[in-house]
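Structural characterization, general
So you can see what is in the structure, the chains are spelled out below.
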Amino acid sequence: PGPRAAPPAPSALALLLAPLALLVCVSRSLSLSPLRYAWCAPLLGCLRGVGADPPPPMTEEPAAAADDFAGVWLRNERVETKVGRGTGEEGGGRWGKDTKPPAVWMPAIGIGTFRMRGDAAKDAVKMAVAAGYRKIDSASCYRNEADIASALAESKISREELFITSKVSPKEMVSFESTYQAVCAMLKRLNTAYLDLCLLHWPAITKHRLDSPLHAKARQKSWEALERALQEGKTKLIGVSNFEVSHLKQLLQSAKFRPCINQIEIHPRFQQRKLRKFCSENNIQVEAYASLGEGKLLSDPDVLRIAKRWNLSAVDALLRWARHYRIPILPKSTKGERIKSNWDSFHGSSLNKKCILELDGLEANGHKFAWDPRRVS
């Protein structure tokens, strides 16, 4: 018999797609998700002569992969507005016009201590530190800074591992000097050489009508005092709490350093989207208090309904909703099991996208639980 006929030369298309087919085969052998190669199934079919196996039908929206939101880097950036502002020339300080304060790491979750005093505050802080918390939030008007200092001393955790926040009260914000002295008093009560974060607690001072023009002047002078404390190393970061867009705009007109943070009430019933957008556009991080609606959202029928649908607890749904939007939080409790469960809930698996959308929809019937600063001039 004569010589066998040579096999037909592969087509250009086959040569082009052969590496892709090999990649698909390897993917299948490694049991990778069919969604990763479903897009090339028709091309694979051209090479095999038959259609590729379709991916299995999806019964529900896939949950997002667990994220790594452990905290945020914060820095008080200089305000570039008026001539002579933000240059570092006024009042000296440790940063000249060509330098800026260093960035500081703030953990994503901390323990709030509002309405905790005495042994209750000490025990809560000690249990929080034992559970893994390193961020402790206090305020002058909470009257528990000495209790917190005592608890931290007993915990044996080094100061460098902790992130301590305190706030200047409306009563202390009446002048530059009163604010500056309030910061010095905080350091003494907390038995520390520095704060990690010092905030103006409220956009108004005491004993004046909400529409008084004195509030804006007090905010300006108090902020200048915090800027001095920042430059002297008494605090690593400075910021505000409960400030609305109007208050922030006024502050930025005269500030040398912009607030690194605005601590405000945020939860699915009160999402503060406009304020969060303004802060994001102006490089101001938001931090949430009352993430659980002062405990009232734990029995909210809509929250419970959504949580049950996705096999979650109300705490899971509320705290992971904040984590989804990368909002640091300060849940509070005096009970050890709840302090630990808040920590575990926040660090659990991410919420399904449909669950996020359902929680987002709760703002239509919104409710604010804490004081309302929107009427302050």
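Above: the structure in question.
Residues numbered from 1 in each chain as written. Predicted model: local features only at pLDDT ≥ 70, side-chain atom pairs only at ≥ 80, totals over all residues. Heavy atoms only, no water.

**Things to note about the packing of helix α6 (residues 214-231) against helix α7 (residues 245-254)**
Interaxial distance between α6 and α7 falls to 10 Å at its minimum, and their mutual angle equals 50°. With respect to α7, the element α6 is oriented oblique. Between α6 and α7 the crossing geometry is right-handed. Mapping the contact onto sequence places A216, R219, Q220 and W223 in α6 and H247, Q250, L251 and S254 in α7. Residues of the contact of α6 with α7, tallied by class, amount to 3 nonpolar, 4 polar and 1 charged. (Axes fitted to C-alpha atoms, helices over the stretch in contact; angles between N-to-C directions. Helix = DSSP H or I, 4+ residues; strand = E, 2+ residues; numbered from the N terminus. Parallel < 35°, antiparallel > 145°, perpendicular 65-115°, else oblique. Left-handed = near helix turned anticlockwise from the far one by under 90°. Contact = heavy atoms within 4.5 Å. Nonpolar A, V, L, I, M, F, W, Y, C, P; charged D, E, K, R; others polar.)

**Digging into the side chain of K368**
Among the structural elements, K368 can be located in the segment after α12 (353-360). Judged by relative accessible area, which is 15%, K368 ranks as buried. In terms of polar contacts, K368 uses its side chain to reach the side chain of E265, at 2.9 Å. Engagement of the side chain of K368 in a polar contact is seen with the backbone oxygen of A370, the distance being 3.5 Å. Setting aside residues no more than four positions away along its own chain, K368 makes contact with E265, F270, Y289, P373 and R374. (Buried < 20%, exposed > 50% of the residue type's maximum accessible area, 1.4 Å probe, protein only. Polar contact = N/O pair within 3.5 Å; in protein donor to acceptor, adjacent residues only side chain to side chain.)

**Description of the pattern of salt bridges**
What the rule picks out here adds up to 22 salt bridges. With its nearest N and O atoms 2.9 Å apart, the salt bridge here joins D196 to R159. Of this pair, D196 sits in the loop between α5 (176-190) and β6 (197-200) while R159 sits in the loop between α4 (145-155) and β5 (163-168), placing them 37 residues apart in sequence. Overall, R159 belongs to the buried group, its relative accessible area being 18%. Residue R305 pairs with D302 through a salt bridge whose shortest N-O separation is 3.2 Å. Here D302 and R305 lie together in helix α9 (residues 301-309), a separation of 3 residues that amounts to about one turn. Since its relative accessible area comes to 40%, R305 is described here as partly exposed. Judged by its relative accessible area of 24%, D302 is partly exposed. Ionic contacts of the salt-bridge type, sharing partners, join the residues R269, D300, D302 and R305 into one network. (Salt bridge = Lys/Arg side-chain N within 4 Å of Asp/Glu carboxyl O.)

**Things to note about the sheet that holds β6**
One open sheet holds the 7 strands; their spatial order is β3-β4-β5-β6-β7-β8-β9, and the pairing between them is parallel. Unpaired on one side and paired on the other, β3 (110-112) and β9 (285-289) mark the two borders of the sheet. Shown here is a sheet whose adjacent strand axes are inclined to one another by a mean of 25°, direction ignored. Here 2 bridges tie strand β7 (residues 238-241) to strand β8 (residues 261-265), and the two strands are oriented parallel to one another. In the strand pairing of β8, V240 is matched with N262. (Pairing = 2+ DSSP bridges.)

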